[in-house]
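Take a look at the letters that make up each chain.
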Amino acid sequence: MKKIKVFLMDLAKKNKFVRKIARRLLNFTKRSGYSKYKNKYSVNEKLILFEAFNGRNYTCSPKAIYEKMITMDEFKDFKFVWAFVDPSKHEVMEDERLEVVVTKSPDYYRYCSMAKYWIVNSIMPEEIEKKDGQVYVQCWHGTPLKKLRYDIEVDGAVLNTVEEIRRRNDIDASRFDYFISPSKYCTEKFTSAFNLKALGKGDIIIEKGYPRNDFLFNKSEKEINAIKKKLGIPKNKKVLFYMPTFRDNQHTSGVGYTYQMELDLDRFKKKFEKEYVMLFSPHYFIANSIDLNKYKGFIINVARYDEINELYLVSDVIMTDYSSIFFDYANLKKPMLFFMYDFDLYKGSLRDFYISLDELPGPIAKTQDELEEYLANIDKEFEKNKSKYNKFNKKYNYLDDGNASERVIKVIFKELFKWKK
């Protein structure tokens, strides 16, 4: 069976027509299966479904909104449902109103059809048709550096042409009722990338800050030390957090998106192991495992770690390429650097960027030699970029203050808060 799936995936990569027919047949089958739930259950006005990264994590703005809601009297009569691929891997903040379900299970589809509100940070399954009265809150999962959806202009992805990306976007975005934005910049880019105006959704943006970043403002030194202890970080070591993103052109049939490690870890370990511990977490799309066993004591694999904000808080430096994590991390006013070894290919053939890289509040390395030089002198680099850092936060993070969740909730559930005015 696996060989057949690999063969069909390879065929779909090579032939756009085959891919189109296969997807339509699959979606028709899934929609037919979902229709029995859609038609059987009515909408419950006090039921909220939460999901992050298609059920892979308990994190991001859905988590922040949920944890704020369970402290608010306005939601005392509500029921909350969290969906996960594997619920056993996640420690959801307990509450008597909570139920946890497995994604794509009968319970999951039942609650999707019943929930008045869907609060998610990624794409909802295409087969789940929204009923009249249901409210889809799209939180998204970060301020974008690389271009998204309608703004992508090059056919560099192996599984989707620009046309296919846009078609899939319209199916998803036409269901949106609210879209959370942390800044004027994001509002502009989200409106364009998700084709909101053309879909009649130009007025759905909630520009109140990112709930996901409240966490960064509300943790004590004692709590941060507890996180370090949980991760096994030695007290005498600084922490470098490395999070590379996926490449649209690196995909293996039967596996998924893969990542080719371009960093010489042996050399890197030899140079920095006395001073640093590295937390390594590739993008959640990346399916291949990278063998890190030989780097035990230097590299801690946090690829399946639920809460990325905890990793930000314990880190002294972050290193990425084109991931948007540095926008959130900038709230902490700590050093960052960028390893863009394939910059020309990425910019010209895959995604391109929304902002000038001159705005980045950290040095850009295109070779390992440059990267090691920058890290060895990271404090000097940080001081050199202080003014740029401040300017960056004033443009992209000016609404983040630890209270965004409450502001967002009061917009989505404005009817509940009317009596307080």
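Residues numbered from 1 in each chain as written. Predicted model: local features only at pLDDT ≥ 70, side-chain atom pairs only at ≥ 80, totals over all residues. Heavy atoms only, no water.

Pulling in residues and values, what's your account of the overall build of the protein chain?
Looking only at helices and strands, one finds 16 helices and 15 strands in the protein chain. In the protein chain, the proportion of contacts linking residues at least 24 apart, taken out of those at least 6 apart, comes to 71%. About 20000 Å² of surface is accessible on the protein chain, with carbon and sulfur atoms providing 51% of the total. (Helix = DSSP H or I, 4+ residues; strand = E, 2+ residues; numbered from the N terminus. Contact = heavy atoms within 4.5 Å. Areas by Shrake-Rupley, 256 points an atom, 1.4 Å probe, with all protein chains shown as cover.)

Account for helix H3 (residues 60–69), naming residues and giving values.
Counting buried residues along H3, eight of its ten residues qualify, which places the element largely inside the surrounding structure. Where H3 is concerned, the buried positions are Cys60, Ser61, Pro62, Lys63, Ala64, Ile65, Tyr66 and Met69. Contacts from the buried residues of H3 go to strand E1 (44–51), strand E2 (79–84), strand E3 (98–102), strand E4 (115–120), strand E6 (178–181) and helix H15 (404–412). (Buried < 20%, exposed > 50% of the residue type's maximum accessible area, 1.4 Å probe, protein only.)

Describe in detail the nonpolar core, supporting the description with residues and values.
Generally speaking, nonpolar side chains in soluble globular proteins are found buried as a group. If you look at the biggest cluster of nonpolar residues, it comprises 101 residues, and the most contacted ones within it are Met69 and Phe413. Once residues lying within four places of it in the same chain are set aside, the contact partners of Phe413 are Ile48, Met69, Phe75, Phe78 and Tyr117. In terms of nonpolar packing, the next biggest core, distinct from the first, is built from 21 residues, Tyr276, Phe280, Met319 and Leu337 among them. (Core = buried A, V, L, I, M, F, W, Y, C linked by side-chain atoms within 4.5 Å.)

I'd like to hear about the environment of Met124, residue by residue, with values.
When you line up the elements, Met124 lands in the loop between E4 and strand E5 (135–138). Residue Met124 is classed as buried on the basis of its relative accessible area, which comes to 0%. Remark: the alpha-carbon pair of Met124 and Phe53, spanning 71 residues in sequence, is separated by 9.7 Å. Those residues within four positions of Met124 in sequence are excluded, and the remaining contacts are Leu49, Tyr108, Cys112, Trp118, Tyr136, Arg168, Asp172 and Arg175.

Lay out the side chain of Ser181 in plain terms, naming residues and giving numbers.
Tracing the backbone shows Ser181 in strand E6. Overall, the relative accessible area of 0% leaves Ser181 in the buried class. A distance of 2.8 Å separates a polar side-chain atom of Ser181 from the backbone oxygen of Ser183. Residue contacts for Ser181: discarding those within four places in its chain leaves Cys186, Thr187, Phe190, Ile205, Ile206, Glu207, Lys208 and Gly209. (Polar contact = N/O pair within 3.5 Å; in protein donor to acceptor, adjacent residues only side chain to side chain.)

Residues and numbers for the pairing of E1, please.
Where E1 and E4 come together, five bridges link them in parallel fashion. By the bridge assignment for E4, Phe50 is matched with Ile119. In this view, the connection linking E1 to its parallel neighbour E2 by way of H3 has right-handed handedness. (Pairing = 2+ DSSP bridges. Right-handed = clockwise from strand over helix to strand, strands pointing away.)

Talk me through the sheet that holds E2; I want residue IDs and the actual numbers.
Pairing in this open sheet of seven strands is parallel, and the strands run E3-E2-E1-E4-E5-E6-E7 from one edge to the other. Of all the strands in the sheet, the pair left with one neighbour each is E3 and strand E7 (205–207). Sheet twist, expressed as the average angle between the axes of neighbouring strands with direction ignored, equals 20 degrees. Two strands pair when backbone bridges link them, and E5 and E6 are joined in this way by two bridges, in the parallel orientation. For Gln138, the partnering residue across the bridge sits in E6 and is Phe179. Contacting E1, E2, E3, E4 and E6, H3 crosses the sheet at an angle of about 135 degrees to E1. (Axes fitted to C-alpha atoms, helices over the stretch in contact; angles between N-to-C directions.)

Can you explain the sheet that holds strand E14 (residues 336–339)? Please cite residues and give values.
Read from one edge to the other, the open sheet built from six strands follows the order E12-E11-E8-E13-E14-E15, with strand pairing classed as parallel. Each edge of the open sheet carries a strand with a single partner, namely strand E12 (299–301) and strand E15 (364–365). Bridging between E14 and E15 involves two bridges; their strand directions are parallel. In the sheet register, Phe338 faces E15, and the bridge partner there is Ile364.

Go over the packing of helix H8 (residues 265–272) against helix H12 (residues 368–376) with me, naming the residues and quoting the values.
Relative to each other, H8 and H12 sit at 20 degrees, their axes nearing to 12 Å. Taken as axis vectors, H8 and H12 run roughly parallel relative to one another. For the element pair H8 and H12, the recorded crossing hand is right-handed. For the pair H8 and H12, the contacting residues are Arg267, Phe268, Lys271 and Phe272 in the first and Gln368, Asp369, Leu371, Glu372, Leu375 and Ala376 in the second. When the residues that make up the contact of H8 with H12 are grouped by side-chain class, the tally is five nonpolar, one polar and four charged. (Parallel < 35°, antiparallel > 145°, perpendicular 65-115°, else oblique. Left-handed = near helix turned anticlockwise from the far one by under 90°. Nonpolar A, V, L, I, M, F, W, Y, C, P; charged D, E, K, R; others polar.)

Talk me through H15; I want residue IDs and the actual numbers.
Every buried residue belonging to H15 is among Ala404, Ser405, Val408, Ile409 and Ile412, and all of these are buried. For H15, the arc enclosing every buried residue in end-on projection is 130 degrees, short of the 170-degree limit, so these residues lie on one face. On its buried face, H15 sits against H3, E4, E5, E6, E7 and helix H16 (414–417). (Arc of directions from axis to C-beta.)

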